Amino acid sequence: MSKLPAILLSSLLAAGGLFVASDPSDTPLPSFADCDARVRREPRILASYWCYCAVALRTGQWDPAVRRLEALLSIDPDNPRPRLYLAWVEGRRGGARAEALYRAAVDGFERERDPAGEVRTRVSLAFLLRQQGRYVEARPELERAEQVAQSTGQEFALALTQLHRGGLAIEEGDYGIAWSLFKRWESKLLPDGPMELQDLLLNGLGNVCWATGRHRDAMRYHRRHAEQMHKAGNLYGEATARFNLILNGSPLLSNGEMTRDELRGLQREALDSALRSGNRLTEASVRLSLAQSAWLDPNARIEQIEKALAISRELGYFDNTCFGLRLLGLERFRADPHQRDASLRLVDEATGMARKSGSLHHIARALIVKNLIHWESGAREEALAETPGVIDAIERIRDLQRDDMVRARAFSEWELSYYRIPAYILGTANGTSSAEEMNLAFSLQERFRSRTLLDRLDAAGATQGIGVEGPWFRQRAELLTRIAGVQRRLLDPSLANEQRSRALEELDRLEDQEGALRADIARSDPSFAALRDPVIPSLNELQAGLEDDQVMLSFHTFPHTTEKTASDPAHWSWVFVITRSSIRALPLPGYDEIEPAVQAFLGLLERRDGSEARGAATLYRDLLKKALDDLPAGIGRLIIIPDGALHWLPFGALRTDPEAPPLATRYEMSVVPSATLWLRFRTMTPSGARIPALALADPVLGFSPGAAGMHRSVMLAEGPRLGQLPFARVEARSLVRNLGGGSRLMIGTDASELLIKRGDLRDFRILYFAAHAVIDDERPERSAVLLAPGSPDEDGLLQMREIVDLDLAGRVVILAACRSASGALMEGEGVMGLARAFFQAGARAVIGGLWPLRDDEAATLINGLSHHLGEGLSLQAALTLAQRERIGSGATAAAWAGLVVLGDGDLVPLPGGRRQIAPLTAGAIVLCAAIVAIASLLFHLRERRSRS
């Protein structure tokens, strides 16, 4: 465990470069003599005095800059301008007088009633205070600067204050606010805005992406920033930007997206730039990065930390000092475990600094390192006692995030603690964990699993949508309409590549605005006060919820376990095996064994020739054999909580040996996001709707498709390549027939997005979609079910952002579409896709596909599923029987194993069978069609008025 990638946040913020980076007039000056001439010519202009700083930045000549500014100040002591930039230089050199100079300059600009000077000085003072970890003192300076900027009406001044406020928000851990502030200015400043503001913006966008795990996006922003600094000849700023490339390189190295040589090259370039420019802040940050390099020996790592710490203490730089202290404590302990107490004193010093500053992420990091030293030194009792405090510190940071995606991404960056601590608890007990310790390990896993979904269900209630009142809601409705317009263009397969690229850029901007608006709405919602502490069930409570023939398998796969760390209990993977009569925790192979085996198995499955049988047996042996061998007699139902790559694994296709039948012939299986959600699904009130199902099949799309599609999938970025789904109509008709009771079928133009969004879905127990699907792993919020538009102002994409607003309390959703049970995999949160959106809207269960479904095979499988549902069986029983029928007919696993039950597989949608459901009344039959007709009529009337 030599690397702690998430700890790098402090260095990132240290070298983030949130400072005035170039001349406000963007006029390069080659020498100090030119600066002297400019001051003589324009003595009341800020840019004249900034000139000295700009030259020093480009040449590293700091002492001459100081002497000239001091000389100017001695000539005119009441002039705040040389005092401002003298303070700026002193702040970067660690001078003790910087703060006093700034405060005196503020007074001077206030006396002169110079708002531009006051704004710039307060912003610079706030940055100095942030460097020292004095965030509480920095905030009012920025607030006052923003008030003054707003009074002037100058857009440059307002942008300057808000971009710095975004930097402070990152340091305080509120990434949603930071992202909102930066994206607000992106379209205005890039690519033609003032260079200084572009520097702040690019750096800020990259920092937020880094902090929330979007490392490829962060690399893009920081690389652009580095190129910009290099082009401008700003060596100081270039060093900062090159260091940020290192931070993004480290996670990419862990993911196999960058080589060690590439990362070492980035480190050399950043250190060289820092030394040549005299950027000592960045020099310290690069040395801390080097200290985490696995290719350095312990003594070399400690040497780099000590050099960085000496520089940071001299400059009074809080972030690097705090980070360096805890990293030095950890490395010294690992080099000599007998120095544990001395190492803990270093970490305690970092903790004290963090608490004094109020820095939540530094507090959490210091507590994590202290806990790690206790585990590694064998101080098990101390480590166990500290664990609740560690988790509480982490969750205070996630509490600040309001937007779902930001919340999930930010939380995933703390994954190691939620994996490592349970692994230590179980692994160091040598198989003798007490009931209390087992509960603690399990509860830590559960606090991490699908947490954003759990928060949403807790805070707002599953059926509470975004609402339709107030200016924010109207703004959001307008944004969604604009998004739909752009997506209608993207769904045109004849759209030229250049036009598609421009449309995608516009879509990015609109989606960012919509996300920021959602975050504002969320912050204004008092229901978010309930987010703090979810109720996690104990193992005994889960046992009580299970039936005699059920077993729950909760997987915990530690990420990136290597051969070197396989013997370390902190890196072990586990599976909890829970029945009504027993609880066991069993070790598993490392993630680096599991993930390739899963991918290889899925690849063989696609060949449809039976070659996956050996891989199916191997995965069974590694994942399930120990868990299932000692089960009580009569177990026939598996409740699976997957983790990592296991989210893609069709467990029903595994075999006890290559010649044995698939497990689906032996067990009924359902998949749940977490045990906590499973217990909630079980206690939901069943839907009281009288009509069994609303089926939407083979919708007529609102664009001309390209080549006919065999599979039900499409990507916006590539353009649609799909056609009609003739078997979808067959399967939908069979479902309506099998479920009976007045079930409603909508096909073609009637299978519309407008119907789903405007109709009353409470009349139906099951919503069934046989349609194409958009699955976007990079931008999960774009994932959608493709329907007929139903109105000219709809695009036919029923996207996640719209699904969550539906009222689906207690209902079942069947998605006979490609990868509808799939999506972007996010550590802890699990799969961010269509199924999750339907759960957030209140669904109790979702049946979807793990991979692209062939149209004819989906029709056969759905026909069997709906037939057994019509007989009054549960969801998992009905699907299992349908799959067994396909197995019996000789179908390959690829034809049946991809359809899975997510959520409450025990739910019986039609108790007693289809005859027990009341038939659809004539009024109900007309209702949905009437809603669509009225909405369309109103739209056309509005359009007609606007044209006339």
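Starting from 1, residues in each chain are numbered consecutively following that chain's sequence as written. Local features are withheld for residues below a pLDDT of 70 in this predicted model, meaning they are given only at 70 or higher, and side-chain atom pairs are given and counted only at 80 or more; totals for whole chains, interfaces and linings count all residues. To obtain the side-chain values, all non-hydrogen atoms of the structure were used and water was disregarded.

Quick notes on the environment of Gly759
Right, on to step 1. Mapping Gly759 onto the fold places it in the loop between α33 (753-758) and β8 (764-770).
Right, on to step 2. Gly759 sits in the buried class, given a relative accessible area of 15%.
Right, on to step 3. Separated by 47 residues in sequence, Gly759 and Leu806 place their C-alpha atoms 9.9 Å apart. By definition, any uninterrupted DSSP run of H or I lasting at least four residues is a helix, any uninterrupted run of E lasting at least two residues is a strand, and each is numbered from the N terminus. Relative accessibility thresholds used throughout: buried, under 20% of the residue-type maximum; exposed, over 50%; partly exposed, between the two (1.4 Å probe, protein chains only).

Quick notes on the pairing of β8
Right, on to step 1. Judged by how many residues are buried, β8 sits mostly within the fold: 7 of 7 residues are covered.
Right, on to step 2. Between any two strands, pairing holds if DSSP finds at least two bridges. Note: β8 against strand β12 (residues 812-815), 4 bridges, orientation parallel. What sits directly across from Phe769, in β12, is Leu815.

A few points about the packing of aromatic side chains
Right, on to step 1. Put simply, two rings from Phe, Tyr or Trp (the six-membered ring, in Trp's case) pair if the centres are within 6.5 Å, and we call them stacked under 30 degrees between planes, edge-to-face over 60, tilted for the rest. The final tally for this structure, using the stated rule, is 15 aromatic pairs.
Right, on to step 2. Between Tyr419 and Phe448 the ring centres are 6.0 Å apart and the planes differ by 85°, which places this aromatic pair in the edge-to-face class. Taken together, the residues span a long stretch of sequence, with Tyr419 in helix α22 (residues 415-427) and Phe448 in helix α23 (residues 435-448) at a distance of 29 residues. Per residue, the accessibility class of Tyr419 equals that of Phe448, and both read buried.
Right, on to step 3. Between the aromatic rings of Tyr419 and Phe558, the centroid separation amounts to 6.0 Å while the plane-to-plane angle is 70°, which identifies the pairing as edge-to-face.

Overview of helix α7 (residues 115-131)
Right, on to step 1. For α7, spanning 17 residues, the distance from its first C-alpha to its last is 24 Å, which sits close to the expected 24 Å at 1.5 Å a residue.
Right, on to step 2. Burial runs high along α7: 15 of the 17 residues are buried.
Right, on to step 3. Pairs of N or O atoms are called polar contacts if they sit within 3.5 Å, as long as, within protein, a hydrogen donor faces a hydrogen acceptor (for residues adjacent in sequence, only side-chain-to-side-chain pairs). Capping of α7 at its N-terminal end is provided by Asp114; its side-chain oxygen lies 3.2 Å from the backbone amide nitrogen of Ala116.
Right, on to step 4. Positive backbone phi, at 80°, marks Gly133, one or two positions downstream of α7. Expected span, for any helix, means 1.5 Å times one less than how many residues it has.

Concerning the pairing of strand β3 (residues 583-588)
Right, on to step 1. Alternating residues of β3 divide into Arg584, Leu586 and Leu588, all buried, and Ile583, Ala585 and Pro587, none buried.
Right, on to step 2. Where strand β2 (residues 573-578) lies against β3, 6 bridges are found, and the strand directions are antiparallel. By the bridge assignment, Ile578 is partnered in β3 with Ile583.

Examining the side chain of His362
Right, on to step 1. Summarising the element assignment, His362 is placed in helix α19 (residues 360-376).
Right, on to step 2. In this structure His362 comes out as buried when scored by relative accessible area, which is 0%.
Right, on to step 3. Side chain to side chain, His362 and His361 meet in a polar contact 3.5 Å long.

Some thoughts on the sheet that holds strand β11 (residues 797-799)
Sheet strands line up and pair through hydrogen bonds in the backbone, either parallel or antiparallel.
Right, on to step 1. Ordered in space as β9-β10-β11, the 3 strands form an open sheet in which the pairing is antiparallel. For this open sheet the edge positions go to β9 (773-774) and β11, each flanked by a neighbour on one side alone.
Right, on to step 2. Direction of pairing for β9 relative to strand β10 (residues 784-786): antiparallel, over a ladder of 2 bridges. Residue pairing across strands places Ala773 opposite Val785, the latter belonging to β10.

Things to note about the pattern of salt bridges
Right, on to step 1. Salt-bridge detection follows one rule: a side-chain nitrogen of Lys or Arg within 4 Å of a carboxyl oxygen of Asp or Glu. In the structure shown here, the tally under the stated rule is 71 salt bridges.
Right, on to step 2. One salt bridge connects Arg44 with Glu112, and the closest N-O pair in it is separated by 2.7 Å. Placement of Arg44 in the loop between α2 (32-41) and α3 (46-59) and of Glu112 in helix α6 (residues 98-112) is noted, with a sequence separation of 68 residues between them.
Right, on to step 3. On the basis of relative accessible area, Arg44 is assigned to the partly exposed category, the value being 41%.
Right, on to step 4. For the salt bridge of Arg334 with Glu376, the shortest nitrogen-to-oxygen distance reads 2.8 Å.

A look at the packing of helix α10 (residues 175-189) against helix α11 (residues 195-211)
Right, on to step 1. Packing of α10 against α11 brings their axes to within 9 Å, and their N-to-C directions diverge by 140°. Here α10 is positioned oblique relative to α11, judged by the angle of their axes. For the pair α10 and α11, the crossing hand works out as left-handed. Contacts from Tyr175, Ala178, Trp179, Phe182, Lys183, Trp185, Glu186 and Leu189 in α10 reach Leu197, Gln198, Leu201, Gly204, Leu205, Val208, Cys209 and Ala211 in α11.
Right, on to step 2. As a working rule, the residues Ala, Val, Leu, Ile, Met, Phe, Trp, Tyr, Cys and Pro are called nonpolar, Asp, Glu, Lys and Arg charged, and the rest polar, with Gly in that last group. Residues belonging to the contact of α10 with α11 are distributed by class as follows: 12 nonpolar, 2 polar and 2 charged. Simply put, an axis is a line fit to the C-alpha atoms, just over the touching stretch for a helix, and the angle between two N-to-C directions goes from 0 to 180 degrees. Roughly parallel covers angles under 35 degrees, roughly antiparallel covers those over 145, roughly perpendicular covers 65 to 115, and oblique covers all other angles. By convention, the crossing between two helices is left-handed when the near helix turns anticlockwise from the far helix through less than a right angle, and right-handed when the turn is clockwise. Contact criterion: two residues are considered in contact whenever any of their non-hydrogen atoms come within 4.5 Å of each other.

So yeah, pure geometry; function would need other evidence.
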